[in-house]
Structure formats: C-alpha cells, structure tokens
Amino acid sequence: MAKKKHFFSPRLMIQLAFTAITNGYMAGFARKTIYQGPAKQICLPGLNCYSCPGALGSCPIGSLQAVLASRDFSFSFYVLGFLMAVGALCGRLVCGFLCPFGLVQDLLHKIPLPKKWKIRRIPGEKKIAHLRYAILILFVILLPSLAVNDIGQGDPWFCKYICPSGTLMGGVPLVALDTASTPAQSAAPSSLSPAAGGISPSLGGPALTPSLSAGPSLSGGLQGGQNTQPAVQSVSGGYRDAAGPLFNWKLTLLLVLLAFSIVYYRPFCRFLCPLGALYGLTNPISIYRFKLLKDRCVNCGACKRACKLGIDPVKTPNSPECIRCGDCIRACPHKALLPTLGIKRQKKNASGCSGNCQGCSGCGK
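So, a few notes on the structure that sits alongside this text. Every value quoted in this text rests on a predicted model; they were computed, and no experiment measured them.

## Focus: the overall build of the protein
Link 1 in the chain: In terms of helices and strands, the protein carries 16 helices and four strands.
Link 2 in the chain: The buried share among the 365 residues of the protein stands at 49%.
Link 3 in the chain: Put simply, of all contacts in the protein between residues at least 6 apart along the chain, 77% involve residues at least 24 apart.
Link 4 in the chain: Looking at the protein as shown, the accessible area adds up to about 17900 Å², and 65% of this sits on carbon and sulfur atoms.

Below you can see the structure in the form of structure tokens.
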C-alpha cells in the first residue's frame, strides 16, 4: 500500500524555516528599506537576493559577480572558498532544502491539477540542462569580468538580466513598496539608490558594489575592517519609475518560470541555475551522498518512478541533477538506497576474498 503523502513534510518544514530565518528582516518591508548591517557580509548557501527587503545575508552568486565586476578587486577567496566548502560537504542538498526559490517552485508544483496536465519529461531535457553551465561560465564569470565600462567597472550580468529569484524577492517588493512621495530615508545615497544614478540589479540596474560580496578585505567587502555602507538602505523614491523595459523582461521571465513550475518540476533549477550547476559538480564527491546497496536492490524501478527529476538512482545515485530531496530513498521498499557520509576507510580483505566486490558487503568497501 502506498504511503499517504503529507503536504507539510519534514523537508518542506526545513525549507520554510530556513527561508523565514534568512529573510526575516520584517522592518525592511515595513520601512521600505534594505538591511545592510553586519549579517550582510555573510553568504547564504542558496539564491537569496541581496536586494530583498527582508534578506539578512547575501547570495553567493551575486557576491561572486560583485567581486569579478569590481574595478578594485579581481578575486574572492571568501566566496569561492564558501562555495567549495558547501559543495564538498553536501552538494545539491542546498537546492533541495535551503534555497528560497527552490521552495517557491516546490510549492507551485504542489498545486493540484489533473494528472494529464503535469509534465514529467520534455524532449531534449538532458541537453537543455547543459544551459545552466553556459550561464555559469558566461553570465556569472566571463561577462562581469571582461565586459567593463571606461573606468573598469562591470555588471552582475546574471543578476541583472536573468535571475528570477532576484526579481521575485528583490525587484517586485522594491517596486511594490516604492512610493514616489516618500522621501529617501538614507542621508548618504549608495550604488543601490536611484539618487546615486543607479538601481538594484534585481530591477535591471547597474553593478552592485563589492560591499555585498561578504567577507573581509579578501573580497573587498570591508575597507580597513569597517563597513562603509549604512546599516539600512532606503529603497523609496524612484524604483517604480526606474523599472523600465529590462525589469519588464525579467518579470516576464519570472512569470513564465513560475507558471511552468506548476506543471513541470523545478524548471529553473534544471535548466538555468548557475548555483545548482556548481553544486552539482560536487554531488558525486561530496561527504554527504546517497549509497546504493546492490545486494538489496531488485531493480523494481520504484526509486526512478519517485524521482521528479527523471534520475535513475540505480545508475547514478549521486547524479549532478539530484537535489537530494530523498524521495527515492523513501520509495525503495527494500531499503537499498541510503544517505551516507562518504568517508571511506581502508580495511583488510576478508579471508577468502575473491577480489570481486560487486554484490558483496563483507568488508564494507
């Protein structure tokens, strides 16, 4: 008998809690401001837009672009080290549990529709999935580094032209909260303010300053150990007017992805997300991973049917596409799939070992 599915699963509860905690600056929504205090120097593991009025931390992809696009800094040991550490620890577990935009897509996909309306597969989806690597290389790394203006400053291209998470969490709230009649609350305009001739990249504006790139002087986040930005940045007085064609493009892209998420599971994560592309590369080698016990597996296909991403865990239990939601583990009637910490210890061969490890669990290799 199939197990009854509950809407509020443990994974969903973790997603909701993490999103609420990391975007819990309610004063930002009430005062129409962006928090820029010390916590903004900390990178969060998922796509968490810096420009969201409620955000208490920074997005690693946005932070990386801010450094690469800066005329003063060219490399961020902090951001890259953070991404490498998170990837090595848990891979795309972040996508399944700790990404706010992943949560939005999950909730939309739970909207009940006739089964025939839900799309399990689309033609060429495996090839289309390579697009996210192209976006990572081109929009996150090369263009911010190489496409610079006369003074050597680049743009955060992914944030500015693509990121739907930034549009949803930053751009839309900024425009919705903006009232042209409200005076700016910050005495010193910054690169995020229309008063300084710029707007947030979530609205399609120019480059963010390295102050959001998180971290001490390694990434340019602090100057002389002191934060040069005000703790609270006003977002009032001009964002609605500044939202032009580029914002309309990003809003259209967001709406298409949100609508598609209702019938097709996580289209942004599968095809466009550069952060998922990075973490996916570490899935096969991360410490936390899935393990297939071949002596228990009977090839019933239950795990493959349970996977919304079309992965066959028998063939690739740690596929770069896997967000480690655990559906395959729960679906296996023989407990042949297990989460594990992939730290191998060398053991001496058991007596009588033939050297053929397939199907053998005797020595624990």
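## Thoughts on the packing of helix H3 (residues 60-69) against helix H8 (residues 131-146)
Link 1 in the chain: Relative to each other, H3 and H8 sit at 20°, their axes nearing to 8 Å. In terms of their interaxial angle, H3 and H8 are classed as roughly parallel. In this structure, H3 crosses over H8, and the sense of that crossing is right-handed. Residues Ile61, Leu64, Gln65, Leu68 and Ala69 of H3 lie in contact with H8, whose contacting residues are Phe139, Val140, Ile141, Pro144 and Ser145.

## Re the packing of aromatic side chains
Link 1 in the chain: Summed over the entire model, instances satisfying the criterion amount to eight aromatic pairs.
Link 2 in the chain: Measuring from centroid to centroid gives 5.2 Å for Tyr25 and Tyr35, while their planes differ by 50°, and the two rings are tilted. Of the two residues, Tyr25 sits in the loop between helix H1 (10-22) and helix H2 (26-31) while Tyr35 sits in strand S1 (residues 33-35), which places them ten residues apart along the sequence.
Link 3 in the chain: On the basis of relative accessible area, Tyr35 is assigned to the buried category, the value being 15%.
Link 4 in the chain: An aromatic cluster is defined as three or more aromatic residues linked by ring pairs; in this entry it consists of Phe139, Trp157 and Tyr161.
Link 5 in the chain: The ring centre of Phe290 lies 6.0 Å from the NZ or CZ of Arg324, which sits over that ring.

## Structural notes on unusual backbone geometry
With glycine set apart, most residues show a phi of negative sign, and most peptide bonds adopt trans.
Link 1 in the chain: We note that Arg324 has phi near 55°; this positive angle belongs to a residue other than glycine.
Link 2 in the chain: With respect to the helices and strands, Arg324 occurs in the loop between helix H15 (302-306) and helix H16 (327-331).

## Some words on the environment of Tyr288
Link 1 in the chain: Residue position: Tyr288 is located in strand S3 (residues 288-292).
Link 2 in the chain: Spatially, the C-alpha atom of Tyr288 lies 6.1 Å from that of Leu89, the residues being 199 residues apart in sequence.
Link 3 in the chain: Residues contacting Tyr288, with those up to four places away along its chain left out, are Leu89, Cys90, Leu93, Arg324, Pro339, Thr340 and Leu341.

## Describing helix H12 (residues 245-263)
Link 1 in the chain: Between its terminal C-alpha atoms H12 stretches 28 Å, which fits the 27 Å expected from 19 residues at 1.5 Å a residue.
Link 2 in the chain: Turning to H12, its buried residues number three or more, namely Phe247, Lys250, Leu253, Leu254, Leu257, Leu258, Ser261 and Val263.

Analysis parameters
What you see as residue numbers is a count from 1 along each chain, following the sequence as written. A pLDDT threshold of at least 70 governs which residues receive local features in this predicted model, and a stricter bar of 80 or more applies before side-chain atom pairs are shown or counted, although totals over entire chains, interfaces and linings include all residues. Here the side-chain values reflect all heavy atoms present in the structure, with hydrogen atoms and water set aside. Secondary structure elements are taken from DSSP: a helix is a run of H or I of four residues or more, a strand is a run of E of two residues or more, and numbering for both begins at the N terminus. A 1.4 Å probe rolled over the protein chains alone gives each residue an accessible area, and that area as a share of the maximum for its type sets the label: buried under 20%, exposed over 50%, partly exposed in between. Throughout, a contact is declared for two residues whenever any of their heavy atoms are within 4.5 Å. Here the open area of atoms and residues is found with the Shrake-Rupley method and a 1.4 Å probe, where only the protein chains shown may cover a residue. Simply put, an axis is a line fit to the C-alpha atoms, just over the touching stretch for a helix, and the angle between two N-to-C directions goes from 0 to 180 degrees. An angle counts as roughly parallel when it lies under 35 degrees, as roughly antiparallel when it exceeds 145, as roughly perpendicular when it falls between 65 and 115, and as oblique in every other case. Handedness of each helix crossing follows the sense of rotation of the near helix against the far helix: counterclockwise by less than a right angle gives left-handed, clockwise gives right-handed. Only Phe, Tyr and Trp rings are paired, with Trp represented by its six-membered ring, and only when their centres lie within 6.5 Å; those with planes under 30 degrees apart are stacked, over 60 edge-to-face, the remainder tilted. Here, over-ring charges are defined by two tests on the NZ atom of lysine or the CZ atom of arginine: distance to the ring centre within 6 Å, and angle to the ring normal within 35 degrees. To estimate the expected span of a helix, count its residues, drop one, and scale the result by 1.5 Å.

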